[in-house]
Amino acid sequence: MYLLPVIDMNYPQGTRPGEYRYTAPFNFVFGARYGTVPPFVLNSSDQFRPNAPYAINSRRYTEDYNEIKALGGDGVVTPSARTADQTEIALFWLEASVVGWNRIARNASGTEGLGLWENARLFALLNFALRDGYIGSWEAKYTHNFWRPVTAIREGNADGNDDTVGDPAWNPLATTPPIPDHDSEHGVAGGAAAEVLGNVFEGRFFRFRASSTSLPAGSTCGDATPVYRNYASFAQAALENGLSRIYVGYHFRRAVTDGIEHGRRIAHRACQKFLQPVQ
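Residues numbered from 1 in each chain as written. Predicted model: local features only at pLDDT ≥ 70, side-chain atom pairs only at ≥ 80, totals over all residues. Heavy atoms only, no water.

Peer 1: Would you explain the pattern of salt bridges in this entry?
Peer 2: Pairing between side chains of opposite charge can happen when the charged atoms of each approach one another. According to the stated counting rule, one finds 13 salt bridges in the structure shown. Notably, a salt bridge pairs aspartate 85 with arginine 229, separated by 3.0 Å at the nearest N-O pair. Separated by 144 residues along the polypeptide, aspartate 85 in helix α2 (residues 84-92) and arginine 229 in strand β4 (residues 229-231) bring together distant segments of the chain. Classification of aspartate 85 by relative accessible area gives partly exposed; the value is 40%. The salt bridge partner of aspartate 258 is arginine 254, with a shortest N-O separation of 2.8 Å. (Salt bridge = Lys/Arg side-chain N within 4 Å of Asp/Glu carboxyl O. Helix = DSSP H or I, 4+ residues; strand = E, 2+ residues; numbered from the N terminus. Buried < 20%, exposed > 50% of the residue type's maximum accessible area, 1.4 Å probe, protein only.)

What follows is the structure in structure tokens.
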């Protein structure tokens, strides 16, 4: 049995701009060693590790900083430029990735009438890719050890970048998890799931609708009148899933886009090399 401590209250916090600090209200990090878990389909957890985040004094970092500062606030303490639709997206995709994407897969399977062995292959590939996505993303997170937007914005006046205006009282829409920023595991999961589903269903233009468990009461999957969002492809859903992490105030855009590609590469390997039909 492979046992790891989940919570690390002694994880060293950074002091320089860009280095990870604990995010309030947490005084610990979560899953610091999860990237050492043996993967299912990867040769190693760092096989497709994304490149480092943008340099703090770069134009691209400044753009990402200003974007999430404007869109990711809670709308109460911190004003936000999010539209109503963007707020719905943020809350819709707030649920755990494995929950949402397995629900999407079950609905797709039902629509297409997959048989027993086809379902076994679909859900094995999907969850191999999702689990290795977690492992690979956690490896990247604790290698790059990059600060979260909530820390970056609150310390923006002391980061050495004259173009980032700080806000010590900035609050995200939802409480930031106690894990470094780069890359976005949520983005990884979406990229991985969309790649598997697109492969199994032979194309990216599978139209579907989805519901969620993390919307306000009365709008969830288990309610009488759930809110549905409509998608023209699995890839479109994966992109929206990734962008939700900007709207909720969790991740810089670079973490999202790198995460989606990271997940796609993991899932492509899973689909090409594992559970192949026997001739």
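The rest of the description comes next.
Peer 1: What should I look at first to understand the packing of helix α7 (residues 234-247) against helix α8 (residues 253-273) in this one?
Peer 2: The description of two packed helices rests on the angle between their axes and on the distance between the axes. For the pair α7 and α8, the least separation of the axes is 9 Å and the interaxial angle reads 155 degrees. Judged by the angle between their axes, α7 and α8 are roughly antiparallel. The crossing of α7 and α8 is right-handed. Where α7 abuts α8, its residues Ala238, Leu239, Gly242, Leu243, Arg245 and Ile246 lie against Arg253, Val256 and Ile260. A class-by-class count of the residues in the contact of α7 with α8 yields 6 nonpolar, 1 polar and 2 charged. (Axes fitted to C-alpha atoms, helices over the stretch in contact; angles between N-to-C directions. Parallel < 35°, antiparallel > 145°, perpendicular 65-115°, else oblique. Left-handed = near helix turned anticlockwise from the far one by under 90°. Contact = heavy atoms within 4.5 Å. Nonpolar A, V, L, I, M, F, W, Y, C, P; charged D, E, K, R; others polar.)

Peer 1: Would you mind showing me how to read the layout of surface pockets here?
Peer 2: Over the atoms rolls a probe the size of a water molecule, and its path tells where empty space is left. Of the volumes computed, that of the largest pocket is approximately 350 Å³. In terms of lining, the largest pocket is formed by 23 residues, of which the most central are Phe30, Tyr134, Trp138, Ile179 and Glu185. Those elements giving two or more residues to the lining of the largest pocket turn out to be α4 (116-144) and α6 (185-200). Here the element with the most residues in the lining of the largest pocket is α4; it accounts for 4 residues. Of the volumes computed, that of the second largest pocket is approximately 160 Å³. Together, Leu114, Trp117, Glu118, Arg121, Leu122, Asn199, Val200 and Glu202 line the second largest pocket. Elements supplying a minimum of two residues to the lining of the second largest pocket: α4 and α6. The residue makeup of the lining of the second largest pocket, split by class, is 4 nonpolar, 1 polar and 3 charged. (1 Å grid on protein atoms, 1.4 Å probe; cavity = no way out; pocket = protein on both sides within 12 Å on 5 of 7 lines; lining within 4 Å. Points joined across faces, edges and corners; volume = space filled by probe spheres on them.)

Peer 1: Even after reading the chapter, I still don't get the side chain of histidine 182, so can you show me in this structure?
Peer 2: Along the chain, histidine 182 turns up in the loop between α5 (149-154) and α6. For histidine 182, a relative accessible area of 1% gives the class buried. Polar contacts involving the side chain of histidine 182 include one to the main-chain carbonyl oxygen of asparagine 51, which spans 2.9 Å. For histidine 182, the side chain forms a polar contact with the side chain of aspartate 258, separated by 3.3 Å. Look past the residues within four positions of histidine 182 in its chain and what remains in contact with it is Pro50, Asn51, Ala52, Pro53, Ala140, Lys141, His144, Phe146, Arg254, Ala255 and Asp258. (Polar contact = N/O pair within 3.5 Å; in protein donor to acceptor, adjacent residues only side chain to side chain.)

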